[in-house]
Amino acid sequence: MVDVTKWPIFSLMAPEELPSIRKACVFGSSANEAIYITNDDEVFVFGLNCSNCLGTGDSQSTIVPKKLDFLSGRKVVSLSYGSGPHVLLATDDGELFAWGHNGYSQLGNGTTNQGVAPVVVSANLINKKVTEVACGSHHSMALTDSGEVYAWGYNNCGQVGSGSTANQPTPRRVSSCLQNKLAISIVCGQTSSLALVDNGEVYGWGYNGNGQLGLGNNGNQLSPCRLVGLQGVCVQQIVSGYAHSLALTDEGLLFAWGANTYGQLGTGNKSNQLSPLQILTEKERVVEVAACHSTHTSAAKTQSGHVYMWGQCRGQSIVLPHLTHFSCTDDVFACFATPSVMWRPLSMEHDDFLTVAQALKKEFDNPETADLKFCVDGKYIYVHKAVLKIRCEHFRSMFQSHWNEDMKEVIEIDQFSYAVYRAFLQFLYTDNVELSPEDAIGLLDLATSYCENRLKRLCQHIIKRGITVENAFSLLSAAVRYDAEDLEEFCFKFCVNHLTEVTQTTAFWQIDGNLLKDFICRASRCGAFKN
């Protein structure tokens, strides 16, 4: 569990204030500024206030949190910061706010005057809904819900993607080869920009002196260029450090490129890499990567929860991924990054008292308090009848007087495995599922039978994270069988993206003939068989 007080600036807050925090972000050249959002959607700031980056309307530093009344009640969906610093904030209704350093028009208001308080960025964004923001050192980017990318601010190396090196005073759509693409994520290095599009391709532009665009050369790019070094893989997450970049594929493979002065690429040396190179090849599947433009630090989390760090770590150069005791990548930046900023806004959880949810979780499978047990594969699972009735319509019906099960102390289950049924019961106590992708298929079957729609979605999420070339077609078949449309679409796209490999697996040729025909017809309509 993340502890926000691992960032020194938050140690200034009283313990009784911390539970009110829902999201937090530490930023600034010395990690001396912070912004946080409360459970009531109030926005507070405190710290040094360099370049008016706190947005309080004055240039005074503050050790006591101050509320930004202008943002009260607005639900924050994305937040980013530059090196000035300047701050960008997007709300759930698509509005974009900016404040702080503006020497290069990175606030997008057409001037170079400091932004002492949050103002709406509206130029060229009228009727556009901003869903994500990203800041480089002194340039800014915004992503809309229609997949368009806008950029503005400092452009000495082409990081705005306008085709020139003239600074951009207001948001301008990044077009060129992104014109007909649907972007789903954006990130910035200090003076470079990357965009991920919905088919897994990555595009980069801006400064490339260290190879941080991954194009195989070190020439700056004034317009977006596709990273051909990632051709053949489908990227699902991108992050950028000060001058290096990381990409995570839908198969859990990790690629790195760019500057490597501190070993931040994790290649075992300090040589820059001009093209994407796969790292962590001997480790298990990676599910999350982390970096931010303020630091030379990298981190990754694997499927089993192991967290690795490398690069500049408290002054040391760690040239190979080092296994830590942390449970999340955020802790790496709190404890080892220089400065110790946050690589993303932190969503908070609190454990200062035992909540109802925590108490229920603790009592699952506890024979001392249980009043009912299920026998599956000869093993007992201890539960509480009242909890099951409250949490599940299936059990609410089962424990009626006209059902035989209502009078039993032990209920035999033979249509599902022990692992699957225990995971289901545990879900009723915890809202979480811990299963392998293969077992998650069985749980998806159970969720479908019991009409547990949220559980179906969780199973689909687990299966998506565990999809591989070997199991992709089996998972597609399961998605069709259990009427999981979102999962079916995901598995179908994965199969098309890895068509050659998938068609060579045993699972592909063992699938029901009708499903195979449907897949071939659908893939053909998508152009999968064109030369």
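The rules behind each value
- Residues numbered from 1 in each chain as written.
- Predicted model: local features only at pLDDT ≥ 70, side-chain atom pairs only at ≥ 80, totals over all residues.
- Heavy atoms only, no water.
- Helix = DSSP H or I, 4+ residues; strand = E, 2+ residues; numbered from the N terminus.
- Contact = heavy atoms within 4.5 Å.
- Buried < 20%, exposed > 50% of the residue type's maximum accessible area, 1.4 Å probe, protein only.
- Pairing = 2+ DSSP bridges.
- Core = buried A, V, L, I, M, F, W, Y, C linked by side-chain atoms within 4.5 Å.
- UniProt positions renumbered as here; feature names shortened; annotations may be inferred.
- Axes fitted to C-alpha atoms, helices over the stretch in contact; angles between N-to-C directions.

(A) Structural context of the environment of G268. Relative to the assigned elements, G268 resides in the loop between β19 (254–258) and β20 (273–279). Sequence separation between G268 and V319 is 51 residues; the distance between their C-alpha atoms is 4.7 Å. For G268, the residues in contact, after removing those within four places along its chain, are V319 and L320.

(B) Quick peek at the pairing of strand β28 (residues 410–413). Here β28 shows a clear split, with I411 and I413 buried on one side and none of V410 and E412 buried on the other. Pairing of strand β26 (residues 372–376) with β28 involves 4 bridges; the strand directions are parallel. Within the sheet, the bridge partner assigned to C375 lies in β28 and is E412.

(C) Expanded view of the nonpolar core. F10, I35, L254 and W310 are the most contacted members of the largest nonpolar core, which totals 64 residues. The residues contacting I35, other than those within four sequence positions of it, are K23, A24, C25, F27, V43, F44, V45, L79, L89 and W99. One finds C392, F395, L446 and F492 within the second-largest nonpolar core, a separate group that totals 60 residues.

(D) Summary view of the UniProt feature "repeat: RCC" (unreviewed entry) in the protein. Per the UniProt annotation, the sites labelled "repeat: RCC" (unreviewed entry) are residues 41–92, 94–146, 147–199, 200–251 and 252–303. Counting secondary structure, residues 200–251 comes out at 0% helix and 44% strand; the distance between its end C-alpha atoms is 12 Å. Along residues 252–303, the helical share is 0% and the strand share 44%, with 9 Å between the first and last C-alpha atoms.

(E) Fine view of the sheet that holds strand β15 (residues 202–206). As summarised here, the arrangement of the 4 strands in space is β13-β14-β15-β16, forming an open sheet in which the pairing is antiparallel. In this open sheet, the two strands that pair with only one neighbour each are β13 (183–188) and β16 (221–226). The mean inter-strand angle of the sheet, taken between neighbouring strand axes irrespective of direction, is 15 degrees. Judged from the 5 bridges that link them, strand β14 (residues 192–197) and β15 form a sheet pairing that is antiparallel. In the sheet register, S193 faces β15, and the bridge partner there is W205.

(F) Inspection of the pairing of strand β3 (residues 43–47) at higher detail. Of all 5 residues that make up β3, 5 are buried, and the element is covered over most of its length. Residues V43, V45 and G47 of β3 are buried on one face, and the alternating residues F44 and F46, pointing to the opposite face, are buried as well. Direction of pairing for strand β2 (residues 33–38) relative to β3: antiparallel, over a ladder of 5 bridges. Across the sheet, the residue bridging to A34 is F46, located in β3. Hairpin connection of β2 to β3: 4 residues between the antiparallel strands, including D41 at a positive phi of 60 degrees. Relative to strand β4 (residues 62–67), β3 runs antiparallel, the two being bridged by 3 bridges.

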